[in-house]
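Understanding the architecture of this molecule
The primary structure of each chain is shown beneath.
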Amino acid sequence: MIYWIWLTQIKGVGPKRQRLLLEKFSTPENIYRASFKELLQCPGIGNSTAKAIIEERSLEKAKSILDSVNKFNIKLLTLDNPLYPQEAKEIGEMPILLYYKGRLVRNSMGIAIIGSRRCSEYGKMVVDEAATYLSKENIVVISGMAKGIDGYAHTSCIKAGGYTIAILGNGLDICYPPEHIELMEKIIENGAVISEYPPGTRPNPKHFPKRNLIISAWAYKILVIEAGFKSGSLITADFGKQYGREVLAVPNNIYSPESKGSNELIYNGAKIY
């Protein structure tokens, strides 16, 4: 596993180039041991990328991450693992390595329920109804464990005896938001928390679009319940459209700030929930 971690930590070598390298060399260890000339023979790998790989030959950082993974009982999900959903791994932007805690099951694709952090009673009622229904139908509920709609989606799913997955934008040794520590523990007991970020990675606004990409890739359909005009939920919905996922939005009060984004989704072609 140390070579998988090493490959993901090379600056300037993102998921698409990592996949090209894996197609050429089969394993991260083979990439690690490849010469500069051999790296240049890989399609899409130029001088600067090959040089970056050669210069990053130290395994010290990867060893440190692996120690933290073991310390916090975190598991690793690699692109070649059968637990990695086929529909998700087919998307080129998806990470080749994910960190998770809890229990991942085969065919864990499901329905993403996302929305505003400042949700109304109406939003709470809709998310509870949707998450409860999905749980009773044995359909996985996926969200981002944020305040508001996300948190209610996980909570309602767990209360109904369902299986839920939370995708995070930080290391799994950190709970964000902090007040969701009990919820995070319950998600781990009743599903899994997943992140592309190694332990010790603090929450950062630049991480959340990538978190939203994973949410959309892991879902067959995306349900947006109350989303403001610049809500991160709209980013998730945009990724979903790119990946051919069905996007549903809940219509709401035209005077509510929390409805501007979700109503706009409907205007732009999202299916009305």
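First, a word on scope: everything that follows refers to the structure included in this document. (Residues numbered from 1 in each chain as written. Predicted model: local features only at pLDDT ≥ 70, side-chain atom pairs only at ≥ 80, totals over all residues. Heavy atoms only, no water.)

**Examining the packing of aromatic side chains**
Scanning all chains against the criterion turns up five aromatic pairs. On the basis of an interplanar angle of 40 degrees and a centroid distance of 6.1 Å, the ring pair of Y176 and F208 is categorised as tilted. Separated by 32 residues along the polypeptide, Y176 in the loop between strand 5 (164-167) and helix 10 (181-190) and F208 in helix 11 (residues 208-217) bring together distant segments of the chain. The rings of Y3, W6 and Y32 are connected pair by pair, giving a single aromatic cluster. The lysine or arginine in question, R57, covers the ring of Y32, its NZ or CZ lying 5.5 Å from the ring centre. (Phe/Tyr/Trp six-rings, centres within 6.5 Å; stacked < 30°, edge-to-face > 60°. Helix = DSSP H or I, 4+ residues; strand = E, 2+ residues; numbered from the N terminus. Lys NZ or Arg CZ within 6 Å of the ring centre and 35° of its normal.)

**Comments concerning the nonpolar core**
Counting residues in hydrophobic clusters, the biggest one holds 75 residues, and the most contacted among them are L21 and W218. Element by element, the count of residues in this core is highest for helix 1 (residues 2-8), at six residues. In this view, W218 contacts L77, P85, A88, M94, L98, L104, S108, M109, G110, I142, I165 and I194; residues no more than four positions away in its chain are not counted. A130, A131, C157 and I225 belong to the second-largest nonpolar core, a separate cluster that totals 16 residues. (Core = buried A, V, L, I, M, F, W, Y, C linked by side-chain atoms within 4.5 Å. Buried < 20%, exposed > 50% of the residue type's maximum accessible area, 1.4 Å probe, protein only. Contact = heavy atoms within 4.5 Å.)

**A few points about the sheet that holds strand 2 (residues 97-102)**
What the nine strands build is an open sheet, ordered 1-2-6-5-4-3-7-8-9; its pairing is mixed. Each end of this open sheet is capped by a strand with a single partner; those strands are strand 1 (75-78) and strand 9 (271-272). Lying over the sheet, helix 9 (residues 149-159) contacts strand 3 (110-115), strand 4 (140-143), strand 5 and strand 7 (219-225), oriented at roughly 140 degrees with respect to strand 3. Of the strands in this sheet, strand 2, strand 3, strand 4, strand 5 and strand 7 are in contact with helix 11, which crosses strand 7 at around 120 degrees. (Pairing = 2+ DSSP bridges. Axes fitted to C-alpha atoms, helices over the stretch in contact; angles between N-to-C directions.)

**Observations concerning the pairing of strand 4**
Judged by which residues are buried, strand 4 turns out to be covered on both faces: V140 and I142 on one side and V141 and S143 on the other are all buried. Inspection of the sheet shows strand 3 paired to strand 4 by three bridges, in the parallel sense. Looking at the pairing, G110 lines up with V140 of strand 4. At this point the chain moves from strand 3, through helix 8 (residues 121-136), to the parallel strand 4, and the crossover so formed is right-handed. As paired strands, strand 4 and strand 5 are joined by three bridges and run parallel to one another. Its bridge partner being in strand 5, I142 is matched across the sheet by I165. (Right-handed = clockwise from strand over helix to strand, strands pointing away.)

**A short note on the packing of helix 11 against helix 12 (residues 232-242)**
Put simply, helix 11 and helix 12 touch, their axes get as near as 8 Å, and they point 45 degrees apart. Taken together, helix 11 and helix 12 sit at an angle that is classed as oblique. Here helix 11 runs over helix 12; the crossing is right-handed. Contacts between helix 11 and helix 12 involve P209, N212, L213, I215 and S216 on the former and, on the latter, G232, I235, T236, F239 and G240. (Parallel < 35°, antiparallel > 145°, perpendicular 65-115°, else oblique. Left-handed = near helix turned anticlockwise from the far one by under 90°.)

**Examining empty space enclosed by the protein**
In this structure the tally under the stated criterion is one cavity of 30 Å³ or more. Approximately 50 Å³ is the volume found for the largest cavity. Considering only residue class, the lining of the largest cavity consists of six nonpolar, three polar and two charged. (1 Å grid on protein atoms, 1.4 Å probe; cavity = no way out; pocket = protein on both sides within 12 Å on 5 of 7 lines; lining within 4 Å. Points joined across faces, edges and corners; volume = space filled by probe spheres on them. Nonpolar A, V, L, I, M, F, W, Y, C, P; charged D, E, K, R; others polar.)

**Some words on the environment of H207**
For H207, the position within the fold is in the loop between strand 6 (191-195) and helix 11. C-alpha of H207 to C-alpha of G169: the two residues are 38 residues apart in sequence and 5.3 Å apart in space. Within the structure, H207 has its side chain in polar contact with the backbone oxygen of R202 (distance 3.5 Å). (Polar contact = N/O pair within 3.5 Å; in protein donor to acceptor, adjacent residues only side chain to side chain.)

**Structural notes on the pattern of salt bridges**
A side chain of one charge can pair with a side chain of the opposite charge when the charged atoms of the two come close. Evaluation of the coordinates by the stated rule reveals eight salt bridges. Two residues, K210 and E196, come together in a salt bridge whose shortest N-O distance is 3.7 Å. Of this pair, K210 sits in helix 11 while E196 is found in the loop between strand 6 and helix 11, placing the two residues 14 residues apart along the sequence. A relative accessible area of 17% means that E196 is categorised as buried. Residues E246 and K221 are paired through a salt bridge, measuring 3.2 Å at the closest nitrogen-oxygen approach. Taken together, the residues span a long stretch of sequence, with E246 in strand 8 (residues 246-249) and K221 in strand 7 at a distance of 25 residues. By relative accessible area, which is 28% here, E246 ends up partly exposed. (Salt bridge = Lys/Arg side-chain N within 4 Å of Asp/Glu carboxyl O.)

On their own, these measurements won't tell you what the molecule is for.
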